[in-house]
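# Coordinate inspection notes
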Amino acid sequence: MQDVILKPDAFAYRGKAVAAMPSGKRCFIRGGAPGDLLSVEIVREKKTYAEAEIREILTPSPQRVRPLCPYAGECPGCRYAHVTYAAELEWKQRQFERFLVHPGLAAPSAMRPPAAAPQRTGWRNKIRLTAEKSGSSVRTGYLMEDNRTVLDLRNCLLACPEISRRMAEKLNDSLFRAHLPEGRSFLTFRFTPSDGALLLEEGCGGEWLTDTLPSFGDFSVPRGSFFQINTGMAARLGTEVLRILRTAAPEIFIELYCGCGVFSALAAEAGVERIFGVEADAESVRAASRNLRERGRPRSRFLAGDAVRMLDQLPLHPDRRALLLVDPPRTGLEKRVIETIGKSSIHDLVYVSCGPDTLARDLALFKAQGWQVEETGLFDFFPSTAHFESLTYLKRGSQP
């Protein structure tokens, strides 16, 4: 296709630059930045939008910087490595507001300033790579956008220093590479202050790990279970959850998708009398029970199973003030979970989200039930990448 000269004016959610084409269509450009003047090749054109690849940067944006990572531009992970962190955070906040404020799901006054990450690199305590071996050919790295090609690498600047050293040791070892299984497999590097940097075997159990959340202590975590990969930012979010808990002063705290019970531990610290958690992963439920026992709450109850079915089993009483915290995966809440919450006596809800698109979808359903966003804010757990976390506090004025 013929080259086109375009000037992006925004970053779309997920990190591609956006420019207006002469036809009026919006064009999404990987590696572009607002303020660039670009010569691009249109590689895909649909009825309402197009996608392009950069052929030449004619005039760079004032926000452009030289990426630290040698894989920038190839790797699908760090979508903002080529702009200043101030620009990245500004555009993430704009995207968040577009999801929540523009459709009327949250008032502008409810939006809190974004919580910036203290560092753009070295924050990940877990890295999962794809290994692909065919005879003597071995590639270890991240899957590209086509979900087929493996970008071969030996290091990732997002990894904490301990994992970086462990990755370099393993991935530069020809004997290690030679002994990888034929076909496709996975390599998971994990670091905790207590256990050091480990290469975890896929599908294997073993001794639990002990991870640390700054200011909130140690947590037992099964090797295959979820724990926040940016513990510094997780501690900042935890401080805000603790503030909300102390202000709301619930008698009952319920944590859906509780993992190993981090937020339940914060509820215990806030002095909540009764604590319940629900999680599909039975190993995580056992870890949550242990973590609360170690904090002097042996009677806290954690249930393994479906969120809707377990929520129906919890002793909710209209005369006892309960606060529900949900921390679902990026796909958000199932509609039937929201319907069950709507029929409950709960009037205080905290929603921890890593997907602003699914958060907006779910908040529209909560709004229809009479919930109102009291406050919401972005926490940049994943600097340099297209993703971010958020914390939203909702209240419902009267029982449905």
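Our structure's up above, just so we're on the same page.
Residues numbered from 1 in each chain as written. Predicted model: local features only at pLDDT ≥ 70, side-chain atom pairs only at ≥ 80, totals over all residues. Heavy atoms only, no water.

## Some details on the packing of aromatic side chains
Counted according to the given criterion, the structure contains 10 aromatic pairs. Measuring from centroid to centroid gives 4.9 Å for Phe-11 and Tyr-80, while their planes differ by 75°, and the two rings are edge-to-face. Of the two residues, Phe-11 is situated in strand E2 (residues 10-11) and Tyr-80 in the loop between strand E6 (49-59) and helix H1 (85-100); the sequence distance between them amounts to 69 residues. By relative accessible area, Phe-11 is classed as buried at 4%. Judged by its relative accessible area of 0%, Tyr-80 is buried. Relative to Phe-388, the ring of Phe-96 has its centre 5.9 Å away and its plane inclined at 85°; by these criteria the two rings are edge-to-face. Pair noted here: Phe-96 is in helix H1 and Phe-388 is in the loop between strand E19 (371-379) and strand E20 (389-396), with a separation of 292 residues, a long-range link. Neither Phe-96 nor Phe-388 differs from the other in exposure class; each is buried. An aromatic cluster of three or more residues is present, and its members are Tyr-13, Phe-96, Phe-99 and Phe-388. Positioned above the aromatic ring of Trp-91, the side-chain terminus of Arg-94 is 4.2 Å from the ring centre. Against the face of Phe-219 rests Arg-295, its NZ or CZ located 4.1 Å from the ring centre. (Phe/Tyr/Trp six-rings, centres within 6.5 Å; stacked < 30°, edge-to-face > 60°. Helix = DSSP H or I, 4+ residues; strand = E, 2+ residues; numbered from the N terminus. Buried < 20%, exposed > 50% of the residue type's maximum accessible area, 1.4 Å probe, protein only. Lys NZ or Arg CZ within 6 Å of the ring centre and 35° of its normal.)

## Re the pairing of strand E15 (residues 274-279)
Remark: a regular strand shows side chains that alternate across the two faces of the sheet. With respect to burial, E15 is a largely interior element, 5 of its 6 residues being buried. Here 5 bridges tie strand E14 (residues 252-256) to E15, and the two strands are oriented parallel to one another. Paired with Ile-254 across the strands is Phe-276, a residue of E15. For the crossover that starts at E14, traverses helix H5 (residues 262-269) and ends in the parallel E15, the hand is right-handed. Bridge count for E15 against strand E16 (residues 301-304) is 4 bridges, and the pairing is parallel. In the strand pairing of E16, Val-278 is matched with Leu-303. (Pairing = 2+ DSSP bridges. Right-handed = clockwise from strand over helix to strand, strands pointing away.)

Everything listed is a geometric property; what it means functionally is a separate question.
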